[in-house]
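One-letter residues, chain by chain:
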Amino acid sequence: MSEVQTVENMVSITIDGIEYKAKEGEYILNAARANDVFIPAICYLTRCSPTLACRLCLVEADGKQVYACNAKVKEGMAITVDTPNILTERRAMMEVYDVNHPLQCGVCDQSGACELQNYTLELQVDSQSYSIADTKRETSNWSSVLHYDAGLCIVCERCTTVCKDMIGDSAITTVKRGGDALGKEWKDTMPKDAYAMWNKLQKSVIAPSNGTGLTNCSDCGECVAVCPVGALVSRDFVYSSNAWDLKKIPATCAHCSSGCQIYYETKPTSIEDRTEKIFRVTNEWNYVSLCGAGRFGYDFENATAIKDEVAFANAIEAFKQAKVIHFNSVITNEEALMLQTLKEKLGVKLINREASAFQRFLNAYSKASGNSLYTLDFKEVMKSDFVMSLGTSLRNDNPNARYAFNNVQKMNKGAGLYFHPVGDALVPTFGKSVEIFNHKAGLEEAALYLMLDLFSDKEQLSSEVKEQLDRDHLVTILGGNAKKFADAFDKMMKKKENFSLMVGEDLYFHENAENIAKLIALLESTSAVKVAMIPPKSNSLGVALICDLDYEAEGYTIGYNESGDFRLSALGDGDLDMPAMNQQEGTLTNMHKRVTPTNAAVEYHGYELNDVMKVLVSAPQETIDWTPYLPVAKGFKSISFDTLPNGYLNDGTENRGYLLETTITEVEAISVEKFDEGKALEGQIAYRCNPQRQFNDFSDKAHQIFEAFGLYVSPAKAETLGKTVVVEFDNGELTLDVIVDDRMEGDIVAVPDFKSAKNIYELFGELRYQTVTIREV
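Criteria and thresholds
- Residues numbered from 1 in each chain as written.
- Predicted model: local features only at pLDDT ≥ 70, side-chain atom pairs only at ≥ 80, totals over all residues.
- Heavy atoms only, no water.
- Helix = DSSP H or I, 4+ residues; strand = E, 2+ residues; numbered from the N terminus.
- Buried < 20%, exposed > 50% of the residue type's maximum accessible area, 1.4 Å probe, protein only.
- Phe/Tyr/Trp six-rings, centres within 6.5 Å; stacked < 30°, edge-to-face > 60°.
- Lys NZ or Arg CZ within 6 Å of the ring centre and 35° of its normal.
- Patch = residues over 30% accessible without salt bridge, like charges linked within 9 Å, V, L, I, M, F, W, Y side chains within 5 Å.
- Areas by Shrake-Rupley, 256 points an atom, 1.4 Å probe, with all protein chains shown as cover.
- Salt bridge = Lys/Arg side-chain N within 4 Å of Asp/Glu carboxyl O.
- Lys, Arg positive; Asp, Glu negative; His and termini not counted.
- Charge placed at Lys NZ, Arg CZ, Asp CG, Glu CD.
- Pairing = 2+ DSSP bridges.
- Axes fitted to C-alpha atoms, helices over the stretch in contact; angles between N-to-C directions.
- Contact = heavy atoms within 4.5 Å.

The phi angle at Leu52 is positive, at roughly 55°, despite the residue not being glycine. Looking at the element boundaries, Leu52 is found in the loop between α1 (28-34) and β3 (58-61). Take Leu52: its relative accessible area is 24%, and that puts it in the partly exposed class.

Let's shift gears to the packing of aromatic side chains. Evaluation of the coordinates by the stated rule reveals 23 aromatic pairs. Pairwise contacts between aromatic rings join Phe386, Phe419, Phe437, Phe455, Phe485, Phe489 and Phe499 into one cluster. When the ring centre of Phe237 is taken as origin, the NZ or CZ atom of Arg280, which lies over that ring, is 4.3 Å away.

Here the focus is a negative patch on the surface. On the surface, Glu585, Glu622, Asp625 and Asp642 cluster together to form a negatively charged patch. By the secondary structure assignment, Glu622 is in the loop between α21 (609-616) and β27 (646-648). By relative accessible area, which is 44% here, Glu622 ends up partly exposed.

Side chains of strand β7 (residues 146-149) alternate between two faces, with Leu146 and Tyr148 and His147 and Asp149 buried alike. Relative to β7, strand β6 (residues 139-141) runs antiparallel, the two being bridged by three bridges. Residue pairing for β7: Ser140 is matched across the bridge by Tyr148. Remark: four residues form the turn of the hairpin made by β6 and β7, two consecutive strands paired antiparallel. Bridge analysis of β7 against strand β10 (residues 232-234) gives three bridges, and the strand direction is antiparallel. The residue of β10 that forms the bridge with Leu146 is Ser234.

Bringing the pairing of strand β30 (residues 685-688) into the picture now. Side chains Ile685 and Tyr687 project from β30 onto one buried face, and the interleaved Ala686 and Arg688 project onto a second face that is buried too. In this structure, β30 lies alongside strand β36 (residues 769-771), joined through three bridges in antiparallel fashion. By the bridge assignment, Ile685 is partnered in β36 with Thr771.

Turning our attention to the pattern of salt bridges. In this structure the tally under the stated criterion is 39 salt bridges. In this structure, the salt-bridge partner of Glu95 is Arg91, at a minimum N-O distance of 2.9 Å. Remark: Arg91 and Glu95 occur in helix α2 (residues 84-99); sequence separation between them is four residues, near one turn of the helix. Taking relative accessible area as the criterion, Glu95 reaches 4% and is therefore assigned buried. Judged by relative accessible area, Arg91 falls into the partly exposed class, the value being 22%. A salt bridge links Arg775 to Glu733; its shortest N-O distance comes to 3.7 Å. Here Arg775 is found in strand β37 (residues 773-776), whereas its partner Glu733 is found in strand β33 (residues 732-740), with 42 residues between them in sequence.

It is worth spelling out the sheet that holds strand β19 (residues 434-437) at this point. Spatially, five strands are ordered β19-β17-β16-β20-β21 in an open sheet, and the strand pairing comes out parallel. Every other strand in the sheet has two partners, leaving β19 and β21 (529-533) as the edge strands with one partner each. Pairs of neighbouring strands in the sheet enclose a mean axial angle of 15°, with direction left out of account. Sheet topology note: the strand β20 (residues 499-503)/β21 ladder contains five bridges and is parallel. Within β21, the residue paired with Val503 across the bridge is Met533. Lying on the sheet, helix α14 (residues 444-455) is in contact with β16 (386-390), β17 (415-419), β19, β20 and β21; it crosses β16 at an angle near 160°.

Read these as geometric descriptors, not functional statements.
Shown next as structure tokens:
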């Protein structure tokens, strides 16, 4: 799929007499925005379903009044944005919004960045025609991060819509609040839409959908981001700063491989202390949704670093004797290139557990498929109408993959298959056409054989593969009901045209990872299914493309944010300080196969890796001077950092950095192995998996990310365990507090890996699942 719409799916329309091109079937409102034409709208979100809550987007299309957020363009359509009647109705609706809205703009946390203010001025509401007694509306804290002021709420329903259509939590809803309805005497004196809106505002409020007053959600804060007024605010941000005092620093979130666009919003700590402090993170919410780590996990900078010359001299000596550099993927592409340069110049070995497994998997896939990279990005996944997920815990591993799976169901009338050994109560709520397979760990190949049976052109498959395609048997061993699935699948396939498969870390850390990569390539080559891969950690894709990684190594080890004989650390706890990701300029390679720039939000006063490079080998003056030298052979472009764009166009086109160049080569017929049912793990199984919002030491350092390091279990499993347990592996043990995850189901327990000091990869080895013994302390 192309980022630019082709001529074939564009139509000609006129807006106020001027001809424009628009995507066929697009909503009028989106078509207008893409062509820089303003139509007022408060309730509509670009990637979500229209709610018609505000009704301000009223326009005339081919002589008939319609709502621009809910009416689609067609060839030759003539649209008029403003008519005398439409202007009268819009003004009446804005008067209704304003009538009882508190006049506290001077102290409101929206502090001028308020769409209600903007539209009141835009529509020239300078007097009030209506009045009615207001009712008391209490403020409340929905969670540890969410503050709601019902008095400021205009019930636009943006928050409930994004929570349902994008995030998939459906954690908040519109409820009755007992206000008085507008008297019938007003019905004939005001526009119908304004009358209906008034009654809604008087009688409705937003509340947690579980009825407890507290949200059972992911604490992503996307509801805060989309709120057009000051009704929803981060508890940490309440009364902390005026929006106009904050400087916006465009950056890329480095917590997971989504690499989302963010703004760090900063200002000096005080008049006396001019040190910049991050007060919050915001995003371009019409085009990208953040998770809780991206929004709230921002204060992880290495604040106390100084240029310690003795420590730096020790570091240089350590590098000179080093045999190994042990690092993780929370680094920039430029730093990865520096490490690769050290390997080439000094002969050190490079160890990165998560990226090396992904690198091997990518190489096996590329060799079998001929594609230098996987075929889809996750924005293209969201355009599909049948999506599958294999080898990833959607709720925990990568929020944007979860958002894509949910959005396909909600927005595209889609269907989905979810394969995973750990039960998750959230995934079935995404849509009625989602089939769940909670199979045994180790049977991932059987899931791919089922997909081959469901979607492939059998004429293109070898006889050996076709022998494995017993659908009823495959469904059964994967934990499904063969008869029920047969009936469901026929319904799921109706009117489906675009098929996508998301695969994740379980497959990269699999005993038969190479064969799984070949099966994925075979599925793509014999069916309409296209694949998107979830890189396991922050910049794993960039590291996998840039570095020649080693699998095993011994000798004196430099640890970069990992264990080692000499440690470089951006956490402030090593032998030599390094800058954290919110203190660096550079680029990251995200799961959308895009190289994106990031910028420093707060100051850093210590040494950088490039300072080490300048002593050890020939190196440019600044870290970002490495950017043009990223390997072109691996798809990077020779572009200087300062020329990289970092934003979105009005039509939603992403204009951040650049897409990796990909190549396709001819390959021989793909040969795959049979799957072995005997590979299924039995007994007590531990799964290496982080709780949602935790990804690494840096998310853990942030003060609003509170998910603890412990043993995460389902409510049913918790009843069989004590408060603290010992988890015994073949090569070690952990003592962990038991933490209940009320959305987990089944007996498998989850052991996090976000604390590098715990060396969890050493316990799990080359696998993500391990058979363990659990005993109560």
